[in-house]
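Listed below, chain by chain, are the residues.
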Amino acid sequence: MALPLIVTLWRGLSTEFSLWATLWQARVLPLLGNSLALAGAVTLGSLVLGVLLAWLVERTDLPGRKIFGPLLVATLVIPCYLIAIWHVSFWGPGGLLERALAALLGASIKVPTIYGFVGAWLILVIATYPYVYTLARAALRSLDPQLEEAARSLGAHKLKIFFKVTLPLLAPALAAGGLLTAVYVLSDYGVVATLRYETFTTAIYKQLAGRYDQAPAALLSTVLIALTVILLVIQQRLWGRGRHYYKASQRALPLVRLSVWGRGAAMGLVGLVLFFGLILPSGVSLYWWLESIARPNPAAALWGSSLADLLRYAGNSLFSAATAATLALVLAWPIAYRAVRYEQHGLTRLAQAGQALPGVLIALALALLLHRFVPSLYFTIWALIFAYVIRFFSHALQAVESGLARVPVRLEEAARSLGRSTVSIWRRVTFPLVAPSVAAGWTLVFLNALRELPATLLLRPPGFDTLPVRLWIAAGEGFYAQAAAPALVLIILSLPMLYLLRVGDRPEVRHGD
Amino acid sequence: MATDFVELRGVRVRLGQFELGPFSLSVKKGELVAVLGPSGSGKTTLLRLIAGFERPNEGSIVIDGHVVADMTHWVEPEDRGVGMVFQDYALFPHLTVAQNIAFGLNKGDSCARVSELLKLVGLDGFAGRYPHELSGGEQQRVALARSLATNPKVLLLDEPFSNLDADLRPKMRAELKLLLQRLNCTTIFVTHDQEEAFELADRVAVLKAGRLEQIDTPENLYRAPATRFVAEFIGHANLLKGRVRGSCIETALGCFILTRPLPEGTLVDVMVRPEEVELEALATPPFSPSPPAPLPSEGEGAGVRGPKGKGEGLVVARRYRGGMQLITVRLTTGEAVRSLQPAGTHFPLASKVRVRVKTDAPLIFPPEGL
Amino acid sequence: MSWLKKLALVTAFVLVPTTLAQPWGELVIYSGRSEPLIVPVIQLFQQQTGIRVTLQSGAATALANLILQEQPNPRADLFIANDAGTLEFLKLKDALQPYISEQIRKIPEQFRARDGSWLGVSGRSRVIMYNTKLLRPEELPKSVFELGDPRWKGKIAMATTRNESVIAWMTALRLVKGDAFTKEYLLKLKANGIVTLNGHTDVRKAVGRGEFALGLVNHYYYHLELRDGSPVGVIYPDQGPTDTGVLVNVAGAALIKNAKHVREAQRFLDFLAAPEAQKLFAELNFEYPLLPGVPTAPGVRALETIKRMPIRLDELGKELEKTLKLLDEVGLG
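Residues numbered from 1 in each chain as written. Chains lettered and ligands numbered in written order. Predicted model: local features only at pLDDT ≥ 70, side-chain atom pairs only at ≥ 80, totals over all residues.

**As for the interface of chain C and chain A**
- Opposite the 45 residues of chain C that make contact, chain A presents 40 residues.
- Going through the elements one at a time, α1 (3-14), α2 (18-21), β1 (27-31), α3 (35-49), β2 (53-57), α4 (60-70), α9 (200-209) and α13 (315-330) of chain C are the ones with two or more residues in the side of chain C that touches chain A.
- Here the side of chain C that touches chain A is composed, by residue class, of 19 nonpolar, 16 polar and 10 charged. (Contact = placed C-beta atoms within 7 Å. Helix = DSSP H or I, 4+ residues; strand = E, 2+ residues; numbered from the N terminus. Nonpolar A, V, L, I, M, F, W, Y, C, P; charged D, E, K, R; others polar.)

As structure tokens, then:
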């Protein structure tokens, strides 16, 4: 699993120094600036938004907070490149909004451009705030209410309590959420490519797709990996530190009463977020789909958007995602078992390396490896499936680990004392108890693989198109009506994610970049 | 009457299913009052009412002459000047000991005050530690120092010793008592441990299911419990069924003198403390194998034996407590009576004993269910 | 269902032959062309011959890379590219096999490899398209070299530099004007905030919408956008007597070395050189048919009236890698 990481680093570091020198000024520095600026701004934005929303839902008398609570995570159902694509088709030049304005007012009004930093920032904040939101919600819930009461009894007023008690106590969760966001932004390809903002991932993709010499791509990848690894190391540190802060408590804190204005503003904010993240993207998909039906484009056949084609793409997507999910869990089981039962975590950490790598990099590394060592697998769906497994293996591992951790080793020992063999114990005791976790892990890998874009674009074998690939290519050339059907199918297939979110409020659900 | 420093008048609060009050309670300046009751009796809610974390539905709360809560007034907890030590201390985990103590202080004068308080609670040199690096007792002292830092008018302690190891409690109790006496701080603390309440408090308030049963000095509570519940909750009380006949009350242990006039035939319960019950071994075999438990004096058991009541029964249980043993005797009527005896005396299980009560003016309660 | 059965089922599912999910045709084509521009031609071929075709569309350079990596056991039989340079590059890397037939000989020699390694199928010239609502005729640039002028700052779009048409154009600039000049020119464009979009379709639509005043495209993109009803015009730059002229490149096809379906691939090449396909390219896509006698689509400026850059197409292949290196140095996306 860590092989792609090693291969890429090796390739990058073994490039000639002159190449480093040439690329440093022309490519690396501007890209570093772009990527870091975006990652920083998005992290800040989603921290503020995520905490605010979590606080509104958990701690105030916001009307409808029971519904908004889960709904605010539901934006994860729509892959974030889709959110980006539909926003562009709505706000972009000559988009739906300008068309509607022209039809209504008769005058052509230019909407300020969505492309570039601001647009990418906005979309990514909408796409990533759920990570912070779920973590902040969980943290708010597990926060010992007595701490805030103690602060009050010491004479501290609300603002002081928030900044000196609540916020510092949320800090570990927020740091984890923030870093998750930053890593996500660094690895995102779909959103930045759609919104024409150049980062490392788009640059690497362009290098891969448009150059014969892959040394520059490997070099850029090395820098990106370095960035990501730094962030992940910090995240691990912070996560460990925050643990002992939490204490389960029975008593719930009284809800903060919002004033009429506060209530209005809060509802407005929640509405806006849901509009941007959920309503607009799904509405626009529906619009384009209806348009493709109402006004069939004669060129539609060329785009392969017939029902038969659609079913084929869906079949491809389902097959590769399901296979990847199954494979990931089969591989995860022994590793997780070893880690949980024998406390050997080294292998686990190594196996999670894939998580740190953007899809583009995994594709690059896998292509290099397979081409050199297993050419018969090169550009087959197995290469693709293998890429999915590497990329989302950590989900499978975490799911099995958390499941196993909940099965006391005493149970297995009891079964052994009753004369059962290891396999029999796994089958009759361990597995039934871990099954829900395994199912959740499977679904998580499956859904993430289903919506995976960058690695699929680079690794798919000839003639093997998945739903994301189809809609990406169609939307990339501006044929939104042809992108609508695969997009809708993808959203519908992603709906089980809602269930997962309901079950665990999982921050590890990815957005499919 | 001395000044009432903290006063609850007709306070009632509803929290979901649970209802507390209505009751009234007043605490004098410098007094140490314990609130005693089984879990779920509303002790903590009472503290939270005074601290301002719960709002009364009825009644008013006055602290130092100011109404802090009634139907028209409301003072937020942060403005009440009430210090609270929470059951699990609620130390801020992200702050050091010194930062915890200084939390309620203004920046300017905090440094000197913190070291003064650390000295007071005997935690010099702990200033830089984090709460999770402290033992339970140390955490408790930090929590105490923190709440004392702001010079609260009233100090509230919620089960201050419940999170400590059993062997640590007596020591901590003694320390706390000394400290509070030195500070002459008006203190209300909550506990479910009778021993704790009696050792520390000037007065003890007994709570049951949201109602105040009695508030008095420990001695009076023991001697003259106002209710049957108090009688049973504090110490071990034997409650014997009795019936008024003439000027006395007839029980399984004989006749007691009626201390106040009651109509003939009234059913009452008579309270006798275990230390007032004397036992005398009877010369019968210690163990009788015959299936029906020996109940030899069936005919005369209920009879009147003179001014001091006495009866016979079998020893069915023995429990050692310190230098004493608590012996449970099943009387021939089926009632059980407990007696406190020195550990040295020998009353084997299943041996037959004669039971005698030393007092002749016991407390009388209406029977259960009435 | 016991979990053993489930496992067996899952295993069976996993082991479903990959061929089920991956329908290979009799002829496998890697195509760097935009899909709508090649699918009608393939459909016509399938109709005429009954040979099934599997098409893999993608970035031409990526596909060329793939072809190189797959040697000597290629999956694809035929490669279609938008640029003679890419085809020639593959020839130089010994990844192609020559094929010349009577039909192919009818295509003028300047538009195909001398040894028959690749075949030019349709011609296109490198032009500037503009939005007629944003620019008046007197404001139009006459030369691509004017585009470095600050007055065009932020107003120009082009396709990404991984697009082979763009690369070929830059190679041509280097050949005509020299490396130093070209590098300086590209840096000027970059400083001028030239936006590189994913592809030429993006560029033409963006110019058509008025998002950019100017777009660097192949001439047929102008015609396609005009057909869609957008207010666009076209500039054939550098046509003066001392100017460099425009680059006329070809989209072409080549037979891949060690291909498994050589005969079908050869039939496809013959088909591409035949009048029906040539007409399709001209009519559907406003390209210059290369087979003499097939007329250009109405409204398309005849190839003969254009001043062309003095460059041989097979020179582009040799110079390809140097251009890519230059692009990395410049840092144009």
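That was the structure; now back to the text.
**Structural notes on the confidence of the model for chain A**
All names here are of chain A.
- Overall, the prediction assigns chain A a mean pLDDT of 80, with 88% of residues at 70 or greater.
- When pLDDT is averaged over each element of chain A, helix α12 (residues 260-294) comes out on top at 89 and helix α23 (residues 496-504) at the bottom at 62.
- Every residue in residues 242-248 scores below 50 in pLDDT, and together they form 11 contacts with partners more than four places removed in sequence or on other chains.
- Across residues 503-513 the pLDDT falls below 50, and counting only partners more than four positions away or on other chains, this stretch makes 39 contacts in the model. (pLDDT = per-residue confidence, 0-100.)

**Looking at the packing of helix α2 (residues 17-59) of chain A against α13 of chain C**
- Between α2 of chain A and α13 of chain C, whose axes approach to 7 Å, the crossing angle comes to 55°. Accordingly, the angle class assigned to the pair α2 of chain A and α13 of chain C is oblique. Here α2 of chain A contributes Thr22, Leu23 and Ala26 of chain A to the contact with α13 of chain C, which in turn contributes Asp328, Glu329 and Val330 of chain C.
- Looking at the contact of α2 of chain A with α13 of chain C residue by residue, the classes come out as 3 nonpolar, 1 polar and 2 charged. (Axes fitted to C-alpha atoms, helices over the stretch in contact; angles between N-to-C directions. Parallel < 35°, antiparallel > 145°, perpendicular 65-115°, else oblique.)

**Comments concerning helix α11 (residues 262-273) of chain C**
- For α11 of chain C, spanning 12 residues, the distance from its first C-alpha to its last is 17 Å, which sits close to the expected 16 Å at 1.5 Å a residue.
- The complete set of buried residues in α11 of chain C reads Glu264, Ala265, Phe268, Leu269, Phe271, Leu272 and Ala273 of chain C. (Expected span 1.5 Å × (residues − 1). Buried ≥ 20, exposed ≤ 12 C-beta atoms within 10 Å, placed from the backbone.)

**Let's talk about the sheet that holds strand β2 (residues 18-28) of chain B**
Residue and element names in this part refer to chain B.
- If you walk across this open sheet you meet the 4 strands as β2-β1-β4-β5, and the pairing is antiparallel. On the outer flanks of this sheet lie β2 and β5 (66-69), each paired with one strand and no other. Along the sheet, successive strands turn relative to each other by an average axial angle of 25°, direction set aside.
- One ladder, built from 3 bridges, connects strand β4 (residues 58-63) with β5; its direction is antiparallel. The residue bridging Ile61 from the neighbouring strand is Ala69, located in β5.
- The strands that helix α1 (residues 43-51) touches are β1 (4-15), β2 and β4; relative to β1, the one it contacts most, it runs at about 115°. (Pairing = 2+ DSSP bridges.)

**Considering the packing of helix α13 (residues 307-342) of chain A against helix α19 (residues 422-450) of chain A**
Residue and element names in this part refer to chain A.
- Relative orientation of the contacting elements α13 and α19 amounts to 140°, with a least axis distance of 8 Å. Accordingly, the angle class assigned to the pair α13 and α19 is oblique. In this structure, the crossing between α13 and α19 has a hand that is right-handed. Mapping the contact onto sequence places Ser317, Ser320, Ala321, Ala322, Ala324, Ala325, Ala328 and Leu329 in α13 and Val438, Gly441, Trp442, Val445, Phe446, Ala449 and Leu450 in α19.
- Partitioned by chemical class, the residues of the contact of α13 with α19 number 12 nonpolar, 3 polar and no charged. (Left-handed = near helix turned anticlockwise from the far one by under 90°.)

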